[in-house]
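Residues per chain, in single letters:
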Amino acid sequence: RLDIIQPGLLKGPRQEFRVGEQIGIWLAPVFDHLLRGNMRKLRSIQGADVARGMAVLAETDESGVFIHHNDTLQKLARQ
């Protein structure tokens, strides 16, 4: 099984400070609402949700190659 994880901008605590990322995190609530259709995959997501989604995927037995974006990762994180 190969799971390719492609989240948008990761939100949450960081060890390092990057000005561009911090600006993106501050603006994310506004831009996330504007990203619709195919652009939804670019929305910001909590790093913890990505980690929880990956943990669920690690327990999955189905074989194949899968690409996961924000919507899928958030659904998996709520399981």
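Residues numbered from 1 in each chain as written. Predicted model: local features only at pLDDT ≥ 70, side-chain atom pairs only at ≥ 80, totals over all residues. Heavy atoms only, no water.

S.K.: Before we go on, may I ask you to explain the overall build of the protein chain in this structure?
M.R.: Along the protein chain, the regular secondary structure elements total three helices and four strands. Along the chain direction, N to C, the helices and strands of the protein chain fall in the order β-β-α-β-α-β-α. By principal-axis analysis of the C-alpha atoms, the protein chain measures approximately 40 × 30 × 20 Å. Looking at the protein chain as a whole, 22% of its 79 residues qualify as buried. Look at the contacts in the protein chain between residues 6 or more apart in sequence, and 75% of them connect residues 24 or more apart. Averaging the locations of the 11 positively and 9 negatively charged side chains of the protein chain gives two centres separated by 8 Å. (Helix = DSSP H or I, 4+ residues; strand = E, 2+ residues; numbered from the N terminus. Buried < 20%, exposed > 50% of the residue type's maximum accessible area, 1.4 Å probe, protein only. Contact = heavy atoms within 4.5 Å. Lys, Arg positive; Asp, Glu negative; His and termini not counted. Charge placed at Lys NZ, Arg CZ, Asp CG, Glu CD.)

S.K.: Sorry, what's going on with the side chain of His-68 here?
M.R.: Within the element layout of this structure, His-68 appears in strand β4 (residues 65-68). Given the relative accessible area of 8%, His-68 is considered buried. Look past the residues within four positions of His-68 in its chain and what remains in contact with it is Arg-1, Asp-3, Ile-4, Ile-5, Gln-6, Leu-57 and Leu-73.

S.K.: Explanation requested: the pattern of salt bridges in the structure shown.
M.R.: Any two side chains of opposite charge can pair if their charged atoms end up close together. The full count for this structure, using the stated rule, is six salt bridges. The residue Arg-14 makes a salt bridge to Glu-21 at a minimum N-O spacing of 3.3 Å. On the basis of relative accessibility, which here comes to 37%, the residue Arg-14 falls in the partly exposed class. With relative accessibility at 22%, the residue Glu-21 sits in the partly exposed group. Three or more residues are tied together by salt bridges with common partners; here these are Arg-14, Glu-16, Arg-18 and Glu-21. (Salt bridge = Lys/Arg side-chain N within 4 Å of Asp/Glu carboxyl O.)

S.K.: Looking at this structure, I do not really get helix α2 (residues 47-58). What am I missing?
M.R.: Within an α-helix, residues lying three or four positions from one another point in the same direction, as the helix has 3.6 residues per turn. Here α2 is twelve residues long and its end C-alpha atoms lie 17 Å apart, about the 16 Å a rise of 1.5 Å per residue gives. When we look at burial in α2, the residues that qualify are Asp-49, Val-50, Gly-53 and Leu-57. Angularly, the buried residues of α2 cover 100° about the axis, an arc narrow enough to put them on a single face. Where α2 is buried, its residues meet β1 (2-5), β2 (10-11), β3 (45-46), β4 and α3 (70-77). (Expected span 1.5 Å × (residues − 1). Arc of directions from axis to C-beta.)

S.K.: How do you make sense of the packing of α2 against α3 when you look at a structure like this?
M.R.: Each pair of packed helices can be described by the angle between their axes along with the distance between the axes. With their axes 7 Å apart at the nearest point, α2 and α3 run at an angle of 75° to one another. One finds that α2 runs roughly perpendicular with respect to α3. Contact residues: Asp-49, Val-50, Arg-52, Gly-53, Val-56 and Leu-57 in α2; Leu-73, Gln-74, Leu-76 and Ala-77 in α3. Taken together, the residues of the contact of α2 with α3 break down into six nonpolar, two polar and two charged. (Axes fitted to C-alpha atoms, helices over the stretch in contact; angles between N-to-C directions. Parallel < 35°, antiparallel > 145°, perpendicular 65-115°, else oblique. Nonpolar A, V, L, I, M, F, W, Y, C, P; charged D, E, K, R; others polar.)

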